[in-house]
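One-letter residues, chain by chain:
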Amino acid sequence: MVQQSAAPLLALRGIHKRYGALQALADVDLEIHVGEVVALVGDNGAGKSTLVKVIAGVDPADQGTVVWEGRDVHITRPHDAQALGIATVYQDLALCDNLDVVGNLFLGREIHRFGILDEVEMERRTLDLLHAFSIHMPSVRLPVASLSGGQRQTVAISRSLIGEPRLVLLDEPTAALGVSQTAHVLRLVDQLRERGLGVLLISHNMGDVKAVADSVAVLRLGRNNGFFDVPTTSHEQIISSITGATDNAVTRRASAEWEADL
């Protein structure tokens, strides 16, 4: 693991997000350091995807502070997040099946030479990127539709790395993957950490969380319900925090405040 700096790469303070009468996020805090994988977990409807959209600039927070490398920033649109160095890989991947690997990686950021697409340069950069992360593809000129689920997920993550981000948000990257494909994606997450990137990993799979995450942030009913150090925390402790089974001050306070908001 990369040595963490004192100040977090990204810090969220008191994030609130409401959709009409629904309080999706309330007073949420989160920190991600350089070279750290933070797993964001919670039951369905806990607010995980909403928080990712806030960080990515897709759905800005109504209230709260976003701190990037020690300075307050305003993320009100995806371009703001991208300019800071935040890349997002959503669960649906948003790949174009009819395009090959090169075409997908450079979609919207094509390289031109003398007014025409520079296919040679884009292919060279694609191969360099895949080699740097030990990603194996049968061919970068195969249509994405012909790739396996794990390979498609790898293409989506690789595309997020084209802009050399500092923080990568991964929304359920191993969902619906087989055992070997999951292992391949988790190795890629490990490599992102080793290269000093911050990673926010949304996952329902505690095996994946235990395998690659350094810490876990639990959301329950749109609020923080626990922060855990993975090596020193049991599977049962995390599950209890997710489900609300643990009767503690944090759970009782969150439940009381949530009911008051309804």
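Residues numbered from 1 in each chain as written. Predicted model: local features only at pLDDT ≥ 70, side-chain atom pairs only at ≥ 80, totals over all residues. Heavy atoms only, no water.

Draft legend 1. Summary view of the overall build of the protein. Helix and strand counts for the protein come out as nine helices and twelve strands. Computed over the C-alpha atoms, the radius of gyration of the protein is 19 Å, within 12% of the 18 Å expected from 2.2 N^0.38 for a compact globule of 262 residues. The proportion of buried residues among the 262 residues of the protein is 49%. The contacts of the protein with a sequence gap of at least 6 include a subset with a gap of at least 24, amounting to 66%. Summed over all atoms, the accessible surface of the protein reaches about 12400 Å², with 51% contributed by carbon and sulfur. When the 23 basic and 32 acidic side-chain charges of the protein are each reduced to a single mean position, those positions are 2 Å apart. (Helix = DSSP H or I, 4+ residues; strand = E, 2+ residues; numbered from the N terminus. Rg over C-alpha atoms; globule rule 2.2 N^0.38 Å. Buried < 20%, exposed > 50% of the residue type's maximum accessible area, 1.4 Å probe, protein only. Contact = heavy atoms within 4.5 Å. Areas by Shrake-Rupley, 256 points an atom, 1.4 Å probe, with all protein chains shown as cover. Lys, Arg positive; Asp, Glu negative; His and termini not counted. Charge placed at Lys NZ, Arg CZ, Asp CG, Glu CD.)

Draft legend 2. Geometry of the nonpolar core. Core analysis: the largest hydrophobic core is formed by 45 residues, its most contacted members being Val41, Leu170, Val216 and Ile238. Ranked by the residues each element gives to this core, the list is headed by helix H6 (residues 179-194), at five residues. Every residue in contact with Val216, bar those within four places of it in the chain, is listed here: Ala39, Val41, Val209, Gly226, Phe227, Phe228, Val230 and Ile238. Counting residues in each nonpolar core, the second largest holds 30 residues, with Leu30, Val52, Leu84 and Leu219 among its members. (Core = buried A, V, L, I, M, F, W, Y, C linked by side-chain atoms within 4.5 Å.)

Draft legend 3. Structural view of the packing of aromatic side chains. The tally for this structure, following the rule as stated, stands at zero aromatic pairs. In this structure, Arg195 is placed above the aromatic ring of Phe133, and the distance from its NZ or CZ to the ring centre is 4.6 Å. (Phe/Tyr/Trp six-rings, centres within 6.5 Å; stacked < 30°, edge-to-face > 60°. Lys NZ or Arg CZ within 6 Å of the ring centre and 35° of its normal.)

Draft legend 4. Local environment of the pairing of strand E11 (residues 215-220). With five of its six residues buried, E11 lies for the most part within the structure. Bridge analysis of strand E3 (residues 37-41) against E11 gives four bridges, and the strand direction is parallel. Paired with Val41 across the two strands is Val218, which belongs to E11. Where E11 lies against strand E12 (residues 223-229), five bridges are found, and the strand directions are antiparallel. Its bridge partner lying in E12, Ala217 is registered against Phe227. Linking E11 to E12, which pair antiparallel, is a turn of two residues; within it Leu221 sits at a positive phi near 55°. (Pairing = 2+ DSSP bridges.)

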